[in-house]
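Breakdown of the fold
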Number of protein chains: 2
Amino acid sequence: MNAEGRPASPPLTERQEARRRRILHASAQLAGRGGFEAVQMREVAEAAGVALGTLYRYFPSKIHLLVATMQDQLQHLHTTLRKRPPAAEDPAERVAETLMRAFRALQREPQLADAMVRALTFADRSVSPEVDTVSRLTTAIILDAMGAEHPTPEQLSAVRVIEHTWHSALITWLSGRASIAQVKIDIETVCRLIDLTAPEVTATP
Amino acid sequence: MNAEGRPASPPLTERQEARRRRILHASAQLAGRGGFEAVQMREVAEAAGVALGTLYRYFPSKIHLLVATMQDQLQHLHTTLRKRPPAAEDPAERVAETLMRAFRALQREPQLADAMVRALTFADRSVSPEVDTVSRLTTAIILDAMGAEHPTPEQLSAVRVIEHTWHSALITWLSGRASIAQVKIDIETVCRLIDLTAPEVTATP
DNA sequence: ATCAAGTCTGTAACTTGTTCTAGATTAGCG
DNA sequence: CGCTAATCTAGAACAAGTTACAGACTTGAT
């Protein structure tokens, strides 16, 4: 893996790197209006100034493309968060604050969020490596917020559950079945698991 | 809503009810082999002995069809569970046991599970009512297991988070990114929230 | 039993993701 | 530079979800 979290397969030439970037930009742009369905492969190709076949060489399916788009956006988020880490005392609160900040970022581009999250959860086994990368990024963000450098297995379980809740809550919000307030409550609720698994409390007397 | 949890719009004639049943059966059958992609609308129509246009009159999209299929299966599960309720003392354990039982049922037909769960999380706003019905069914199953007849808002939040975890954990399992053991751990972890929100402990001294 | 309204059938057409192909361009190398 | 393999382009073709439509069949009311 290189620094960007992509498999470090054959290194790309400059023009190829530029093409890849144009494609991801076009993808995010189109997703930003119309959401998942507005990201049409022919349109992405045209907007990126690339032939359809080339688009498919870079991203073997629409889902791959959108998951890569999500990777890209998460990277931004992660560096932004590192600059202004959450302030609260309690680890659980810090994680909740971090996720709510991410949530507010998504609210600014709900259509983009729709495209990315739907792709992420719809992905089948052929996209597992890429989805896994997104998952690891998310885990890193949460562990950062917790301030847990050497998490216990128990803490990792809690983080996994928090991620589950995060994704699923996003989906219910995106499909209009849950309000923003409800997502907030769900996040805060699940973050309580962190206190429950803090090593100071349960392991070291 | 009628007893089956579907909107009680125009009552169906006997032949229509039979058609609907044939369609759902064909859907489950095809999903049972090949999963999501094997449920092809033309094939469902043919297997159900129904014209394509008729299939679309009954279920306005493939997603609607698969979500309805899930409703159907959940109904079965619910009645099965009611007959043999979980035995454990602790509400959290009962819920975990119930979900693990459901999980084992899904493991017997992983392809069917794939089709149903992928459809459920991919569904957009146009399927919200149907997805919501599935969600209410799931909630009912969990509350049954908890034995909470008059759940507090806090308990409902916990149940919501458990549902989130349940769906998302299923997805990671289906896409091969988590083992069965890990799903078990995630379920057990999130079920700890139930103890945390039990009214006996936090509200009535 | 008859009629009007609503359903169902069979089939073609349309849309968008995906694959394929033949020829042009580019990259890396001697 | 000149060659070769890889890559890119343009466009056709294919697959599956969805829509449209004309004609046959059911249903329910009279």
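Quick look at the structure, then.

Cut-offs and rules
- Residues numbered from 1 in each chain as written.
- Chains lettered and ligands numbered in written order.
- Predicted model: local features only at pLDDT ≥ 70, side-chain atom pairs only at ≥ 80, totals over all residues.
- Heavy atoms only, no water.
- Near = heavy atom within 4 Å.
- Polar contact = N/O pair within 3.5 Å; in protein donor to acceptor, adjacent residues only side chain to side chain.
- Helix = DSSP H or I, 4+ residues; strand = E, 2+ residues; numbered from the N terminus.
- Contact = heavy atoms within 4.5 Å.
- Buried area = accessible area lost by both parts, 1.4 Å probe.
- Salt bridge = Lys/Arg side-chain N within 4 Å of Asp/Glu carboxyl O.
- Nonpolar A, V, L, I, M, F, W, Y, C, P; charged D, E, K, R; others polar.

This brings us to the protein's contact with DNA strand D. Neighbouring DNA strand D are 18 residues; A:R19, A:T54, A:R57, A:Y58 and B:R42 lie closest to it. Each atom of DNA strand D within 4 Å of the protein was classed as base or backbone; sugar and phosphate made up 64%. Taking A:T54, its side chain carries an N or O atom lying 2.5 Å from a phosphate oxygen of DNA strand D. B:R15 has a polar side-chain atom sitting 3.4 Å from a sugar or linking oxygen of DNA strand D. Looking at the surface near DNA strand D, the element that brings in the most residues is helix α3 (residues 52–58) of chain A, giving three residues.

Okay, the interface of chain B and chain A next. Taken together, the contact between chain B and chain A spans 36 residues of the former and 36 residues of the latter. Summed over the three residues of chain B that lose the most area to chain A, namely B:F122, B:H164 and B:R177, the buried surface amounts to 19% of that side. Here chain B is connected to chain A by six salt bridges. The tally of links between chain B and chain A comes to 14 residue pairs in polar contact (both at pLDDT 80 or more). At the level of secondary structure, the elements contributing two or more residues to the side of chain B that touches chain A comprise α2 (35–38), α7 (110–122), α8 (128–146), α9 (153–174) and α10 (180–196) of chain B. By residue number, the principal contributor to the side of chain B that touches chain A is α9(B), which donates twelve residues. Taken together, the residues of the side of chain B that touches chain A break down into 14 nonpolar, twelve polar and ten charged.

In the region of DNA strand C, 18 residues are neighbours, and A:R42, A:K62, B:R19, B:T54 and B:R57 sit closest. By atom count, sugar and phosphate contribute 63% of the portion of DNA strand C lying within 4 Å of the protein. Within the backbone of A:K62, one N or O atom sits 2.9 Å away from a phosphate oxygen of DNA strand C. The separation between a phosphate oxygen of DNA strand C and a polar main-chain atom of B:A51 is 3.0 Å. Of all elements in the fold, only α2 (41–48) and α3 of chain A together with α1 (14–32) and α4 (52–58) of chain B reach the threshold of two or more residues within the surface near DNA strand C. When residues of the surface near DNA strand C are assigned to their parent elements, the largest contribution, three residues, is made by α4(B).

Spatial relationships are all this shows, so hold off on functional conclusions.
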